[in-house]
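# Working through the structure, step by step
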Amino acid sequence: MRVLGIEGTAWAASAAVHDTGTDATRIFTDAYQPESGGIHPREAAEHMREAVPQVVAEALDHARETAPDDREGDESPSPPVDAVAFSRGPGLGPCLRIVATAARTVAQRLDVPLVGVNHMLAHLEIGRASAGFSSPVCLNASGANAHLLGYHGGRYRMLGETMDTGVGNAIDKFTRHLDWSHPGGPKVEEAAKDGEYVDLPYVVKGMEFSFSGIMSAAKQAVDEGVPVEDVCFSLQEHVFGMLTEVAERALSLTGSDELVLGGGVGQNGRLREMLSEMCDQRGASFHAPEPRFLRDNAGMIAVLGATMAAAGDTTAVEDSRVRPNWRPDDVPVTWRSDEDV
Ligand code: ATP
């Protein structure tokens, strides 16, 4: 099966073709880069309006060029893809609506099924699929989210989550205070290489965690003259330490010995190192997918879309309204067997 995926929840206008036969995924992305400050919903939507048709056209050209031989020379050739998957939520409403309109149009034009995919479950499932894990705990460390999920009885369950902002958004807010351009996460990672430890707030309450206090303290430390490298280093140690602590507790509570990482912040080497060391110490396996599948991308939408389509979980056009606040624990998981824990 070949599936076209379309992503556009916030900054990445992205389209991809995933072929389940060869397991190949080709991704085309045009990223929105704010001129100043963070992601502006209206500007992001304008970017989607221009860039989504372009990346979809590139992906469909790729699908046609790489179509299996039996499709060539056919008098009524098969469509270049067998289904169209799109990120239906969560995300910025104006961006989601553009993506959904594009997906509906292509699916109807090609006369193939439409699949509405939960963006957070796509972050998670791409890691589970590439690791070959059976029932992992999943840490989603992305821009707008930070949570731990485990599967039980037909749904992913929320094991722990942020009490305020997403982890990437928190880091980006700190770097906006420094007038650094968006996105801030890679710049903090770079600056942290020359930093030393200073104390910052560390807030974990059971399975919940909070970033707002630490971000205010980090801004204040810089304003008071603490070297920015030291603040960046300590920010990473505290924030990623919090995520690692709660991930370890989630493994312990569920009895799972598999951890997968998802989301754009997962590109950070220090976070991966901490999680990997924690897993080593308790004899668990850790997996982070390759970076192109960690940040927002249509590849993960196409991969989960293919799995859902194979399970018959497609979306009628009239039921395909976008869901900006769609929680991952609200999705009936139709593509896993009841034998999974
Ligand atoms: P979501 O998937 O929750 O909708 P999102 O749309 O913002 O979030 P992602 O691509 O998952 O998108 O993550 C983007 C975030 O990742 C940004 O906040 C960015 O600063 C952060 N990020 C990217 N690279 C790194 C890095 N090397 N270290 C830390 N953070 C990073």
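The structure displayed is predicted, hence computed values, not measured ones.

Neighbouring residues of the ligand: 24 residues in total, closest His119, Ser142, Asn145, Asp172 and Asp296. In this structure, Asp296 approaches the ligand through a side-chain N or O atom, which is 2.5 Å from an oxygen atom. At the level of secondary structure, the elements contributing two or more residues to the shell around the ligand comprise helix H3 (119–131), helix H4 (167–177) and helix H5 (185–192). A domain-level breakdown of the shell around the ligand finds at least three residues from each of domain 1 (2–122 + 294–330) and domain 2 (135–292).

Two elements in contact, H5 and helix H7 (residues 228–254), have axes whose closest approach is 8 Å; the angle formed by their N-to-C orientations is 110 degrees. Classified by the interaxial angle, the pair formed by H5 and H7 is roughly perpendicular. Note that H5 runs across H7; the crossing there is left-handed. Seen from H5, the contacting residues are Val188, Glu189, Ala191 and Ala192; seen from H7, they are Glu229, Cys232, Phe233 and Gln236. Partitioned by chemical class, the residues of the contact of H5 with H7 number five nonpolar, one polar and two charged.

On to the sheet that holds strand E11 (residues 258–262), then. A sheet is described by the order of its strands in space; here five strands give the open sequence E8-E7-E6-E11-E12, paired in mixed fashion. Edge positions in the sheet fall to strand E8 (155–161) and strand E12 (285–287), since each has one partner strand and no second. Neighbouring strand axes in the sheet, compared pairwise and without regard to direction, differ in orientation by 25 degrees on average. One ladder, built from six bridges, connects strand E7 (residues 146–152) with E8; its direction is antiparallel. Note that in E8 the partner of Gly150 across the bridge is Arg157.

Moving on: the side chain of His62. For His62, the location among the structural elements is in helix H1 (residues 41–65). Accessibility expressed as a relative area gives 14% for His62, which makes it buried. Here His62 is in contact with Val17, Arg26 and Phe28, once residues within four sequence places are set aside.

Let us now look at the sheet that holds strand E1 (residues 2–7). Taken in spatial order, the five strands make up an open sheet running E3-E2-E1-E4-E5, and their pairing is mixed. The open sheet has two free edges, formed respectively by strand E3 (24–31) and strand E5 (114–118), since each of these has just one partner strand. The average undirected angle you get between the axes of adjacent strands in this sheet is 20 degrees. Bridge count between E1 and strand E4 (residues 83–89): four bridges; the pairing is parallel. Within E4, the residue paired with Val3 across the bridge is Ala83. Contacting E1, E4 and E5, helix H2 (residues 93–110) crosses the sheet at an angle of about 165 degrees to E4. Sitting on the sheet, helix H10 (residues 298–310) touches E1, strand E2 (12–19), E3, E4 and E5, and the angle it makes with E1 is about 130 degrees.

A word on the domain arrangement of the chain. Domain boundaries assigned for the chain yield domain 1 (2–122 + 294–330) and domain 2 (135–292). On a C-alpha basis, the centroid separation for the pair domain 1 and domain 2 is 28 Å. With 16 residues of domain 1 at the contact, the number on the domain 2 side is 24 residues. Carbon and sulfur atoms supply 54% of the area that domain 1 and domain 2 bury against each other, a total of about 1700 Å² over both sides. Contact with domain 2 buries surface across domain 1, with Met120, Leu294 and Arg295 losing the most and accounting together for 45% of the total. At the surface where domain 1 touches domain 2, the tally comes to one salt bridge. Put simply, domain 1 and domain 2 have twelve residue pairs in polar contact (both at pLDDT 80 or more) between them. Sorting the residues of the side of domain 1 that touches domain 2 by element identifies E3 and H3 as the ones contributing at least two each. Class assignment of the residues belonging to the side of domain 1 that touches domain 2 gives a composition of seven nonpolar, five polar and four charged.

Cut-offs and rules
For every chain, the first residue of the written sequence is number 1, and numbering continues from 1 along that sequence. Residues qualify for local features only when their pLDDT is at least 70, as the model is predicted, and side-chain atom pairs are given and counted only at 80 or more; totals for whole chains, interfaces and linings, by contrast, use all residues. Computation of side-chain values: all heavy atoms of the structure, hydrogens and water removed. Residues are classed as near a molecule or strand on a simple rule: at least one heavy atom within 4 Å of it. Pairs of N or O atoms are called polar contacts if they sit within 3.5 Å, as long as, within protein, a hydrogen donor faces a hydrogen acceptor (for residues adjacent in sequence, only side-chain-to-side-chain pairs). Each helix corresponds to a stretch of at least 4 residues labelled H or I by DSSP, and each strand to a stretch of at least 2 residues labelled E; elements are numbered beginning at the N terminus. Start and end positions for the domains come from either an automated domain assignment or a database one. Axis lines are fitted to C-alpha atoms, over the contacting stretch for helices. Their N-to-C directions set the angle, which ranges from 0 to 180 degrees. Oblique is the label for any angle not covered by the other classes, which are roughly parallel (under 35 degrees), roughly antiparallel (over 145) and roughly perpendicular (65 to 115). Left-handed describes a crossing whose near helix is turned anticlockwise from the far helix by less than a right angle; the clockwise case is right-handed. By definition, residues are in contact when any of their heavy atoms lie within 4.5 Å. Three classes are used, and their members are as follows: Ala, Val, Leu, Ile, Met, Phe, Trp, Tyr, Cys and Pro are nonpolar, Asp, Glu, Lys and Arg are charged, and the others, Gly among them, are polar. We call two strands paired when DSSP finds no fewer than two bridges between them. Using a 1.4 Å probe on the protein chains alone, a residue whose accessible area is under 20% of its type maximum counts as buried, one over 50% counts as exposed, and one in between counts as partly exposed. Once two parts are put together, the accessible area they lose, assessed with a 1.4 Å probe and summed over both, is termed the buried area. Salt bridges are counted wherever a side-chain nitrogen of Lys or Arg sits within 4 Å of a carboxyl oxygen of Asp or Glu.

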